[in-house]
Amino acid sequence: MPNVPAVPTSRAATPRPPAMSDVAAVAGVSHQTVSRVLNDHPSVRPETRARVLAAIAELGYRRNSAARALVTRRTGVLGVVAPASTLFGPTSTLVGLQESARLVGAVVAVAMLRSFDADSMHQAVEQFLTQGVEGLAVIAPTVEVMGVLEQAPTSLPVVIVSSGDLGTEAEHLHQVSVDQRGGGRLATSHLLAQGYGEVAHVAGPQDWFDARERLAGWQEACRAVGVEPPAPIEAGWSAAEGAAVGRRLIREGLPRAVFAANDQLAFGLLHAFWEAGVRVPQDVAVAGFDDEATAAYAIPALTTVRQDLAALGARAVRVLMGATAGSPPTVGIIPAHLVVRASSLRPRA
């Protein structure tokens, strides 16, 4: 293998990092061949690819993203806006999105918003535009932010990671989702099939599209068997709020079954019921939504709806990459799955 070319230095200057031309000289190939290897072009022979990769490793060559962006006018950066919280769904979706972006060579810049309102979203979009992002993903948006996203430049593809009717036909907006409404139907239908005559619903914040869809699924499942759903109990997303609802139900009268809009609310219900000596499922059955890792270890183990959030993040990346290339793929809805555990099973006589 040829010697590594000397990199000119001076006492005052820091040695420059290896360039693509250095890799080409060490591997004994052209600059274009190195570029093809870096871009995973199929026309490169395996032995040539191996030689180039060995030279890259020997030199410690790293792509200069800034220089590449000047030439190609593409930054390879995707922006992501997500709630600044530890909510299982948005956080897990963000992890899946970042992993999928890395596999396709994209970089993810994340803006975590403590308040999912129009002003905060506008600031995040403006910041990403100055950074030259090629596309934007918004995880679990609310009704309020949709106006901001509709008004974003049409040259910026935006993927809304949420379900339901977003109320827009803007061509630069794309949607990926898990079937939240179908998941709500699954949980409610299961509780009704166990023989519980009425299923109450502890709903998430109704400015969230996903919370609306889960509520709609609960209503549809009730009406499908001739049961008029009672008024939903609206809450937030936290276990503390679930516990507060549980204590209220104990005071005002327990339903026979409860479908909670997420697992945290369900955990809060279980805690309040345990505190008061209410037995689950003997006195009241409980089901949640998300299938957090701790759901299987609750007492009793929690029946819940599982979302494939890794697949959701991966699909968001595919849609964004397709949209930046001018050909967004057809997007389907990822199905939800019911995971049945002890908290909902009707006790045997």
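The present account deals with the structure reproduced in this document. None of these values were measured; they are calculated from a predicted model.

### Notes on the environment of Val305
Here is step 1 of the chain: Positionally, Val305 belongs in strand β10 (residues 304-306).
Here is step 2 of the chain: On a C-alpha basis, the gap between Val305 and Leu338 in space is 4.5 Å, while along the polypeptide they are 33 residues apart.
Here is step 3 of the chain: Ignoring anything within four residues of it in the chain, the contact list for Val305 reads Gly183, Ala187, Gly288, Phe289, Asp290, Asp291, Ala336, His337 and Leu338.

### As for the side chain of Ser120
Here is step 1 of the chain: Of note, Ser120 is situated in helix α6 (residues 118-131).
Here is step 2 of the chain: A polar contact is formed between the side chain of Ser120 and the backbone oxygen of Ser115, at a distance of 3.2 Å.
Here is step 3 of the chain: Other than its neighbours up to four places away in sequence, Ser120 contacts Leu113 and Ser115.

### Side note on the sheet that holds strand β7 (residues 233-234)
Here is step 1 of the chain: What the 4 strands build is an open sheet, ordered β7-β6-β8-β9; its pairing is parallel. Each having just a single partner strand, β7 and β9 (285-287) make up the two edges of the open sheet.
Here is step 2 of the chain: Where strand β8 (residues 257-260) meets β9, 3 bridges bridge the pair, whose relative direction is parallel. For Val258, the partnering residue across the bridge sits in β9 and is Val286.
Here is step 3 of the chain: This element, helix α8 (residues 180-193), spans β6 (199-203), β8 and β9 of the sheet and lies at about 170 degrees to β8.
Here is step 4 of the chain: This element, helix α11 (residues 263-275), spans β6, β8 and β9 of the sheet and lies at about 160 degrees to β9.

### Some remarks on unusual backbone geometry
Here is step 1 of the chain: In the segment running from Val280 into Pro281, the intervening peptide bond is cis, with an omega of 5 degrees.
Here is step 2 of the chain: Its place among the elements puts Pro281 in the loop between α11 and β9.
Here is step 3 of the chain: The step from Ile299 to Pro300 runs through a cis peptide bond, and the omega angle for that step is -5 degrees.
Here is step 4 of the chain: Positive phi, normally seen in glycine, also occurs at Asp291, with a value near 60 degrees.
Here is step 5 of the chain: Mapped onto the elements, Asp291 comes out in the loop between β9 and β10.
Here is step 6 of the chain: Accessibility expressed as a relative area gives 11% for Asp291, which makes it buried.

### A closer look at the nonpolar core
Here is step 1 of the chain: The biggest cluster of nonpolar side chains holds 63 residues, and the ones touching the most others in it are Leu191, Leu269, Phe273 and Val286.
Here is step 2 of the chain: Beyond its immediate sequence surroundings of up to four residues, Leu191 is in contact with Tyr196, Val199, Ala257, Val258, Phe259, Ala285, Ala287 and Ser344.

### What to know about the sheet that holds strand β2 (residues 107-113)
Here is step 1 of the chain: Here 6 strands make up an open sheet; going across it, the order is β2-β1-β3-β4-β5-β11 and the pairing parallel. Each end of this open sheet is capped by a strand with a single partner; those strands are β2 and β11 (333-334).
Here is step 2 of the chain: For strand β3 (residues 135-139) and strand β4 (residues 158-161), the ladder comprises 4 bridges, and the chain directions are parallel. Looking at the pairing, Ala137 lines up with Val159 of β4.
Here is step 3 of the chain: The strands touched by helix α12 (residues 309-324) are β1 (77-83), β3, β4, β5 (173-178) and β11; relative to β5, the strand with the most contacts, the crossing angle is about 165 degrees.

Procedures and definitions
Residues numbered from 1 in each chain as written. Predicted model: local features only at pLDDT ≥ 70, side-chain atom pairs only at ≥ 80, totals over all residues. Heavy atoms only, no water. Helix = DSSP H or I, 4+ residues; strand = E, 2+ residues; numbered from the N terminus. Contact = heavy atoms within 4.5 Å. Polar contact = N/O pair within 3.5 Å; in protein donor to acceptor, adjacent residues only side chain to side chain. Pairing = 2+ DSSP bridges. Axes fitted to C-alpha atoms, helices over the stretch in contact; angles between N-to-C directions. Buried < 20%, exposed > 50% of the residue type's maximum accessible area, 1.4 Å probe, protein only. Core = buried A, V, L, I, M, F, W, Y, C linked by side-chain atoms within 4.5 Å.

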